[in-house]
Amino acid sequence: MHLLKEDGFTIIETLTAVVLLGITVVFTVIVFNTLFFNHKLNSRLEAIRFAENEMDFTIQNKIFTDTSYFTPKGNLKVIRKIKSEEKLYNICVEIRTVSNNKELLNLSLLQRK
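Everything quoted here is computed from the prediction, not taken from an experiment.

*Asks:* Go over the sheet that holds strand 1 (residues 67-70) with me, naming the residues and quoting the values.
*Replies:* Strand pairing within a sheet occurs via backbone hydrogen bonds; the two strands may be parallel or antiparallel. Taken in spatial order, the 4 strands of this open sheet run 1-2-3-4, and their pairing is antiparallel. Strand pairing shows two members of the sheet lacking a second neighbour, strand 1 and strand 4 (103-112), which therefore form its edges. The sheet shows a mean angle of 15 degrees between the axes of neighbouring strands, taken without regard to direction. Here strand 3 (residues 88-97) runs beside strand 4; their pairing, made up of 9 bridges, is antiparallel.

*Asks:* If you had to explain the pairing of strand 3 to someone new, which residues and values would you point to?
*Replies:* The buried fraction of strand 3 is high, at 8 of 10 residues. In the sheet, strand 2 (residues 76-84) pairs with strand 3 via 9 bridges, with the strands oriented antiparallel. Bridge pairing in strand 3 places Leu76 opposite Thr97. Between strand 2 and strand 3, which pair antiparallel and follow one another directly, the connecting turn spans 3 residues. Between strand 3 and strand 4, which follow one another and run antiparallel, lie 5 residues, and Asn101 among them has a positive phi close to 55 degrees.

What counts, and where the lines are drawn
Residues numbered from 1 in each chain as written. Predicted model: local features only at pLDDT ≥ 70, side-chain atom pairs only at ≥ 80, totals over all residues. Heavy atoms only, no water. Pairing = 2+ DSSP bridges. Helix = DSSP H or I, 4+ residues; strand = E, 2+ residues; numbered from the N terminus. Axes fitted to C-alpha atoms, helices over the stretch in contact; angles between N-to-C directions. Buried < 20%, exposed > 50% of the residue type's maximum accessible area, 1.4 Å probe, protein only.

Have a look at this one:
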C-alpha cells in the first residue's frame, strides 16, 4: 500500500496566517492614525507656524502695535501684544484655540528700538 504525499497548507495553518495578518493590519492602522491624524499635535504645529510668521512680520515691517486676528481656518486666535521698555520692545505672541480659549503657545521676543 502506497500513501500519497499531499503538498499545501492545512486549514489551521491558513487560519493562523489570516489572523496574524489581521492583527498586523489593525495595529498598523492604529499607529498610522495616531501619527498622522493627531489633531492636538497638528494644532500646536500650526500655532508655532503662525507665531513665527507674526514675529517675522512684526520685526520686518516695524509694526509695534497690539493686534489680534483669527487664522484662515478659524480654529486659532493670534494675539500680539507689544510692551515698550527703555530701549526695547517686548513682542509677545499668544496663540489660543477658538473652541475653548485654551492657550496653545506663548512666544516672547525682545527687539531693540
